[in-house]
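Descriptive structure summary
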Amino acid sequence: MKSTAVLLAAGQGTRMKSSLPKILHPLAGRPMIQYIFESAAQATSEPPVAVVGFMAEEVRKALGEACRYAVQEEQLGTGHALRQAEPILRGKTGLVLVANGDLPLLTSESLGELVRAQASSLAAFSLLTLLSDQPRGFGRIVRDASGRMMEIVEESQATPEQLGIRELNVGAYCFNAGWLWDALARISLSSSGEYFLTDLVEIAHEAGGEIQGIPVEDPAEALGINTRIHLAEVEAALRTRINRRWMEAGVTMIDPATTYIDAGASLGEDSEIWPNTFVLGDTRIGRDCRIGPNSYILDTRIGDGCTVLASYLEGALLEDEVEIGPFARLRRGAHLANGVHMGNFGEVKNAYLGPATKMGHFSYIGDATIGGQVNIGAGTVTCNYDGKQKYHTEIEEGVFIGSDTMLVAPVRLGRGSSTGAGAVVTRDIPPNTLVAGVPAREIRKLDRDD
Ligand code: UD1
Ligand code: CA
């Protein structure tokens, strides 16, 4: 039987007190809605439908082409939201899996179980339930004398007695489509001016229909987000889940509690992550690396056997056996080839450092191409900007740059050339030539054969 997921993602999430829709708040580097979207897509056979409304364009951007969209112009409640998907889905699917957009920890396994349970039953619908003493604003499930599900009361509408009910509505449902669409039209407006999806329980019960409760095994999966406090709780739970996955895959974490790996990042076997380290965005780290402590790595590729100590990397590429830090900064377009060593207080931007090149201390290299086996002395600066334009510096293989050299770009240092300490290089240096002074002038030719 065909099954299709509908994600409810039109609300603003007023309890977040934010100009960003709740479901776009990031969790481990991704908009919240992407998590439930992926789990729901995996648990169903057809491409999902998202019901969008508040800041619909931004939500579409976050979910992309893999999703279909229904628009809820006015946010009149979850029941009204689901009705907006009817024109797309009526007659097209046998089962409709509905999930709130603010349940990022629900797994595809749990949603799959919900779909299978409904597929093999005669119930009007099935829903995920949770037994808990911490209701977190969830609707309470009320059962009749014979134990059948009778209604769901929202926290705002519940009597003191009902508030004590421990069986909660998680916010994921699987409907028999043949029953759903007509039933949806029968939901009436609540006293708060909304059409509650959860009223379908009462509607089914009154008609003598059956509703199946499917308990979620792991209560952590049912952590929904209504407030910023919930957001932080879910972020912590998600990070724990991500860290466990990498440890199971062979990564050592000295202190998982202070290790922050985004959902989109990856790590290789036998790499070690030291405390207070952030591996963010689309970062990929190879095998046998030692990363941290105190490092921030965003959208960066790191090969095998690298060491990154207390450093800040963004949009960089490190090949294998590269060693950087403490206190190195790599900006967009920094590319460090095999065996590069970069010590403390260096900055590299939009530049290639060839194999085994060394940059030990206090240097700025921007807009440059540097060959292999180059020694960049302490305090070397590529003067790449004249206030209007950026210029390129080219340093060929085997160059030795003396401490405190200023390389006024555009400039080229020939293979095997050398600069004296404090040189201000304003003109190209021929190969195998020593220059010094301000501005630097030729001192002598070098014998580079030894
Ligand atoms: C809902 C359930 C509650 C359940 C809880 C668990 C209802 C009436 N109540 O309450 O029983 O325990 O979820 O997660 O369904 N949305 C729309 N359009 C709207 C209103 C909401 O698309 O007009 C979307 C929101 O963007 C959100 C989802 O529906 O993703 C749930 O809305 P929310 O306001 O968070 O519902 P709860 O009050 O948590
Ligand atoms: Ca909610």
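Before reading on, note that the structure itself is shown above.
Source: prediction; values computed, not measured.

Attention now moves to the overall build of the protein. On a plain count of helices and strands, the protein comes out with nine helices and 39 strands. Over its C-alpha atoms the protein spans a radius of gyration of 30 Å, topping by over 25% the 22 Å that the globule rule assigns to 450 residues. Along the first, second and third principal axes, the C-alpha atoms of the protein reach 100 × 40 × 40 Å. Burial status across the protein gives 51% buried among its 450 residues. Contacts spanning at least 24 positions in sequence make up 40% of the contacts within the protein whose residues lie at least 6 apart. Measuring between centres, the 41 positive side-chain charges of the protein sit 5 Å from its 56 negative side-chain charges.

So, on to helix 5 (residues 108-119). The end-to-end C-alpha separation of helix 5 is 16 Å, in line with the 16 Å expected for twelve residues at 1.5 Å each. Those residues of helix 5 not exposed but buried are Ser-108, Ser-110, Leu-111, Gly-112, Leu-114, Val-115, Ala-117 and Gln-118. Packed against the buried residues of helix 5 are strand 1 (3-9), helix 1 (32-43), strand 6 (95-100), strand 7 (125-131), strand 10 (167-176) and strand 11 (211-215).

Another aspect to go through is a nonpolar patch on the surface. Together, Phe-327, Phe-345 and Phe-362 make up an exposed nonpolar region whose accessible area comes to about 340 Å². Assignment of secondary structure puts Phe-362 in the loop between strand 28 (358-361) and strand 29 (364-370).

The full set close to ligand 1 counts 23 residues, and Gln-72, Gly-77, Thr-78, Gly-139 and Asn-169 are the nearest of them. Between Asp-102 and ligand 1, the recorded distance is 3.0 Å, taken from a side-chain N or O atom to an oxygen atom. Between an oxygen atom of ligand 1 and a main-chain N or O atom of Gly-139, the distance comes to 2.7 Å. In isolation ligand 1 has 760 Å² of accessible area, and contact with the protein removes 90% of it. Counting atoms within 2 Å of the grid points, the majority share of ligand 1 lands in the largest pocket. Of all elements in the fold, only strand 1, helix 3 (78-83) and strand 10 reach the threshold of two or more residues within the shell around ligand 1.

This paragraph deals with the coordination of the calcium ion (ligand 2). Working reference: metal with six octahedral donors, ideal angles 90 or 180 degrees; metal with four tetrahedral donors, ideal angle 109.5 degrees. Summarising the metal site, the calcium ion (ligand 2) is bound by the protein donors Asp-102 (OD) and Asn-226 (OD1), whose distances to it range over 2.2 to 2.5 Å. Within this pair, whereas Asp-102 is found in the loop between strand 6 and helix 5, its partner Asn-226 is found in the loop between strand 11 and helix 9 (228-248), the two being separated by 124 residues in sequence.

Spatially, the twelve strands line up as an open sheet ordered 12-14-17-20-23-26-28-30-33-36-38-39, and their pairing is mixed. Both outer strands of the open sheet, strand 12 (252-253) and strand 39 (441-445), are each paired with one neighbouring strand and no more. The pairing of strand 12 with strand 14 (residues 272-273) spans two bridges and is classified as parallel. Counterpart to Met-253 in the pairing with strand 14 is Ile-273.

All right, on to helix 2 (residues 56-63) then. Along helix 2, the residues that are buried comprise Ala-56, Val-59, Ala-62 and Leu-63. For helix 2, the angular spread of the buried residues around the axis is 120°, confining them to a single face. The exposed residues of helix 2 that point more than 90 degrees off its buried face are Glu-57 and Lys-61. Looking one or two places after helix 2, you find Gly-64, whose phi comes out positive at around 70°.

What follows covers the side chain of Thr-4. Summarising the element assignment, Thr-4 is placed in strand 1. Residue contacts for Thr-4: discarding those within four places in its chain leaves Thr-44, Glu-46, Pro-47, Val-49, Arg-68, Leu-89, Thr-93, Leu-95, Val-96 and Leu-97.

One pass over the structure, following the stated rule, counts one cavity of 30 Å³ or more. Lining of the largest cavity is provided by Ser-110, Glu-113, Leu-128, Ile-214, Pro-215, Val-216 and Glu-217. Among the secondary structure elements, those contributing two or more residues to the lining of the largest cavity are helix 5 and strand 11. Here the lining of the largest cavity is composed, by residue class, of four nonpolar, one polar and two charged.

Moving on, we get to the pairing of strand 38 (residues 433-436). In the sheet, strand 36 (residues 418-419) pairs with strand 38 via two bridges, with the strands oriented parallel. For Ser-418, the partnering residue across the bridge sits in strand 38 and is Leu-434.

Turning next to the layout of surface pockets. Approximately 1000 Å³ is the volume attributed to the largest pocket. In terms of lining residues, the largest pocket is bounded by 38 residues, among which Arg-15, Lys-22, Thr-78, Asn-100 and Asp-102 are the most central. Among the secondary structure elements, those contributing two or more residues to the lining of the largest pocket are strand 1, helix 3 and strand 10. Per-element accounting of the lining of the largest pocket gives the leading share, four residues, to strand 10. Classifying every residue of the lining of the largest pocket gives twelve nonpolar, 20 polar and six charged. The calculated volume of the second largest pocket comes to roughly 540 Å³. Surrounding the second largest pocket, 21 residues form its lining, Tyr-35, Thr-107, Leu-238, Arg-241 and Arg-245 being those nearest its centre. Elements with a contribution of two residues or more to the lining of the second largest pocket: helix 1, helix 5 and helix 9. Grouping the constituent residues of the lining of the second largest pocket by class yields nine nonpolar, four polar and eight charged.

The rules behind these values
Residues numbered from 1 in each chain as written. Chains lettered and ligands numbered in written order. Predicted model: local features only at pLDDT ≥ 70, side-chain atom pairs only at ≥ 80, totals over all residues. Heavy atoms only, no water. Helix = DSSP H or I, 4+ residues; strand = E, 2+ residues; numbered from the N terminus. Rg over C-alpha atoms; globule rule 2.2 N^0.38 Å. Buried < 20%, exposed > 50% of the residue type's maximum accessible area, 1.4 Å probe, protein only. Contact = heavy atoms within 4.5 Å. Lys, Arg positive; Asp, Glu negative; His and termini not counted. Charge placed at Lys NZ, Arg CZ, Asp CG, Glu CD. Expected span 1.5 Å × (residues − 1). Patch = residues over 30% accessible without salt bridge, like charges linked within 9 Å, V, L, I, M, F, W, Y side chains within 5 Å. Areas by Shrake-Rupley, 256 points an atom, 1.4 Å probe, with all protein chains shown as cover. Salt bridge = Lys/Arg side-chain N within 4 Å of Asp/Glu carboxyl O. Near = heavy atom within 4 Å. Polar contact = N/O pair within 3.5 Å; in protein donor to acceptor, adjacent residues only side chain to side chain. 1 Å grid on protein atoms, 1.4 Å probe; cavity = no way out; pocket = protein on both sides within 12 Å on 5 of 7 lines; lining within 4 Å. Sits in = over half its atoms within 2 Å of the grid points. Donors = N, O, S within 2.8 Å, 3.2 Å for Na, K, Ca; no water. Pairing = 2+ DSSP bridges. Arc of directions from axis to C-beta. Points joined across faces, edges and corners; volume = space filled by probe spheres on them. Nonpolar A, V, L, I, M, F, W, Y, C, P; charged D, E, K, R; others polar.

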